Amino acid sequence: MISRIASFHNYQSVSNDIMRQNVKVQDNQEQMATGKRVITSGDDPVSSIYIQNFRQQDEQIDQFIDSITLARNRQTREEIAIDESEQIMDGAKRKVMAMINGSLSVEDRTAHRQDLQGMFDNFMDLVNTKDESGNFLFSGTQTSTQPFYRDTQGNVRYAGDSYFRTAQVAPAVEVPTSDPGDKMFMEIDNPFGDYQPEYDLEDGSLLLLANAENSNDADTANYSVSFDVNASGDTTYSLMQDGTEVSAGLYDPQTGIEWNTLKMTFEGEMGPGDTINLERQDSFNIFDAFKNGAALSYADIDDASATAELHQVTEQFSAAFKHLNKARSEVGTRLTTLDRQESMHKDFKLVLNRSLGTMEDLDYTQAAIDMNEDMLALQASQQAFAKTKDLSLFNYI
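Residues numbered from 1 in each chain as written. Predicted model: local features only at pLDDT ≥ 70, side-chain atom pairs only at ≥ 80, totals over all residues. Heavy atoms only, no water.

Identification of the protein as Flagellar hook-associated protein 3 from Salinivibrio costicola subsp. alcaliphilus is taken from an unreviewed UniProt entry. According to the UniProt record, the Sequence similarities (unreviewed entry) comment for the protein reads "Belongs to the bacterial flagellin family." (UniProt positions renumbered as here; feature names shortened; annotations may be inferred.)

What follows is the structure in structure tokens.
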């Protein structure tokens, strides 16, 4: 009885040893095939934790890089649209300046008006530009809504919102990927200060408003200033606030006109009876500038008020050009930020891959030595088993 137990024990011991050696050889072969030292957490529990963390960070970096690529595509498309809009602003300014030329014929003005209308149509296409995904660039977060449309009166309305779309390009860094159209094209600083002038000039007048500012934001009254000449030949003015005269006296071209928080300066030469009406308006939109330019082109060449308002339109186009140029610079800054973040991510990705390789990659020289040792051990176990299984008491009888 004792002999039978001993024989089974020896058989089982050698069999288990062969299985263990087989597992080691299989692990060696898998490591050699994959080139990885750590395949399961059991191979190296400590290293496997670091390897998992490195891989998670690597995947997160890949997501950030994909986000940067998408943001760059949108910003590049926006930069192109803004650049083309700038060119239209410059062309529209030149076209309106040409209309001011007093030697133009009616046919000449008609031709310029048609050119201006063509620029406006091209501009409408640009402000309704889409990105590579078919989303409108200038509709804020309402990406599926066309931002600008013309109503029945020919006025341009905005259907988007005033929010920026953003992309997260790093754990604590978000970059705008678009600009809302109202802020881009409809909220441009008034080149004349705080008021929009409306001219009522006598024939031959060359009067223009240079600037009108009011430091009191609560003052929403409308003003008008009229000029005259007294018996001594001096120019006088009369300032009205909502129809009531609040100031009058000699006009000094060096200081302009000042009353309370209101200050106005002028250019050109005024004549008796010239009047400028001022309505509080801190900003203007480009679409109104196009509309006013086209409407004023129908006026008579000798209409001094229309000519002054055409000058006003040229200043608005000039201000719009500067506004868009500043916006394009901001887009360029965002693109620079995206490039810098992408470069940082790629550098960190290299560091992660080196660290991951240090912990995970296989040393083939050492692996070959380990595999040879495990193969020899397996062969020895197999030979021992072959001899053990043939042992019997009958060999000794």
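Trainee: Hey, could you go over the overall build of the protein for me, with residue numbers and the actual values?
Mentor: Along the protein, the regular secondary structure elements total seven helices and 14 strands. Expressed as a percentage of its 397 residues, the buried residues of the protein come to 42%. Here the analysis covers contacts within the protein between residues at least 6 apart in sequence; of these, 68% occur between residues at least 24 apart. Approximately 21900 Å² of the protein is accessible, and the part contributed by carbon and sulfur atoms is 49%. (Helix = DSSP H or I, 4+ residues; strand = E, 2+ residues; numbered from the N terminus. Buried < 20%, exposed > 50% of the residue type's maximum accessible area, 1.4 Å probe, protein only. Contact = heavy atoms within 4.5 Å. Areas by Shrake-Rupley, 256 points an atom, 1.4 Å probe, with all protein chains shown as cover.)

Trainee: Can you tell me about the sheet that holds strand S9 (residues 235-241), naming the residues and giving the values?
Mentor: Strand order across the open sheet formed by five strands is S6-S13-S8-S9-S10, with antiparallel pairing between neighbours. Both outer strands of the open sheet, strand S6 (195-200) and strand S10 (244-250), are each paired with one neighbouring strand and no more. Between one strand axis and the next, the sheet turns by 20° as a mean value, whatever way the strands run. Sheet analysis places S6 next to strand S13 (residues 275-280), joined by six bridges and oriented antiparallel. Its bridge partner lying in S13, Pro197 is registered against Leu278. (Pairing = 2+ DSSP bridges. Axes fitted to C-alpha atoms, helices over the stretch in contact; angles between N-to-C directions.)

Trainee: An account of the nonpolar core is needed here, citing residue identities and associated values.
Mentor: If you look at the biggest cluster of nonpolar residues, it comprises 46 residues, and the most contacted ones within it are Met89, Phe123, Phe148, Phe185, Ile286, Phe287 and Phe290. In this structure, Tyr195, Leu201, Leu208 and Ile276 belong to the second largest nonpolar core, which totals 23 residues. (Core = buried A, V, L, I, M, F, W, Y, C linked by side-chain atoms within 4.5 Å.)

Trainee: Quick rundown of the sheet that holds strand S7 (residues 208-214)? Include the residues and the values.
Mentor: Sheet architecture is open: three strands sit in the order S7-S12-S11, paired in antiparallel fashion. Here the strands that pair on one side only, and so sit at the sheet edges, are S7 and strand S11 (257-259). Between one strand axis and the next, the sheet turns by 10° as a mean value, whatever way the strands run. Here S11 pairs with strand S12 (residues 262-267) via three bridges, running antiparallel. For Ile257, the partnering residue across the bridge sits in S12 and is Met264.

Trainee: Account for the side chain of Arg109, with residues named and values stated.
Mentor: Residue position: Arg109 is located in helix H3 (residues 106-127). Look at Arg109: it is buried, it has no salt bridge, and the nearest opposite charge is Asp300 at 7.4 Å. Apart from residues lying up to four places away in sequence, Arg109 is in contact with Met99, Leu104, Leu296, Ser297, Ala299, Asp300, Ile301 and Leu310. (Lys, Arg positive; Asp, Glu negative; His and termini not counted. Salt bridge = Lys/Arg side-chain N within 4 Å of Asp/Glu carboxyl O.)

Trainee: Can you break down helix H5 (residues 286-296) residue by residue, with the values?
Mentor: For H5, the full list of buried residues reads Ile286, Phe287, Ala289, Phe290, Gly293, Ala294 and Leu296. N-cap assignment for H5: the residue whose side-chain oxygen lies 3.0 Å from the backbone N of Phe287 is Asn285. (Polar contact = N/O pair within 3.5 Å; in protein donor to acceptor, adjacent residues only side chain to side chain.)

Trainee: If you had to explain H3 to someone new, which residues and values would you point to?
Mentor: With 22 residues, H3 ought to run about 32 Å at 1.5 Å a step, and its terminal C-alpha atoms sit 31 Å apart, in line with that. Taken together, the buried positions of H3 are Arg109, His112, Arg113, Leu116, Met119, Phe120, Phe123, Met124, Leu126 and Val127. With its buried residues spanning 150° around the axis, H3 presents them on a single face. Those residues of H3 that are exposed and aimed more than 90 degrees away from the buried face are Glu107, Gln114 and Asp125. (Expected span 1.5 Å × (residues − 1). Arc of directions from axis to C-beta.)

Trainee: Outline the environment of Thr143, supporting the account with residue identities and numerical values.
Mentor: When you line up the elements, Thr143 lands in the loop between H3 and strand S1 (148-150). In this structure Thr143 comes out as buried when scored by relative accessible area, which is 19%. For the pair Thr143 and Gly160, spaced 17 residues apart in sequence, the C-alpha separation works out to 8.0 Å. Discounting chain neighbours no more than four positions away, the residues touching Thr143 are Asn135, Phe136 and Arg165.

Trainee: Tell me about the pairing of S13, residues and numbers included.
Mentor: In terms of strand pairing, strand S8 (residues 223-229) meets S13 through four bridges, oriented antiparallel. The residue bridging Tyr223 from the neighbouring strand is Leu278, located in S13.

Trainee: Explain the packing of aromatic side chains residue by residue, including any values.
Mentor: Evaluation of the coordinates by the stated rule reveals 14 aromatic pairs. Ring pairing ties together the aromatic residues Phe120, Phe123, Phe138, Phe148, Tyr158, Phe185, Phe287, Phe290 and Phe317, which thus form one cluster. When the ring centre of Tyr298 is taken as origin, the NZ or CZ atom of Arg113, which lies over that ring, is 3.8 Å away. (Phe/Tyr/Trp six-rings, centres within 6.5 Å; stacked < 30°, edge-to-face > 60°. Lys NZ or Arg CZ within 6 Å of the ring centre and 35° of its normal.)

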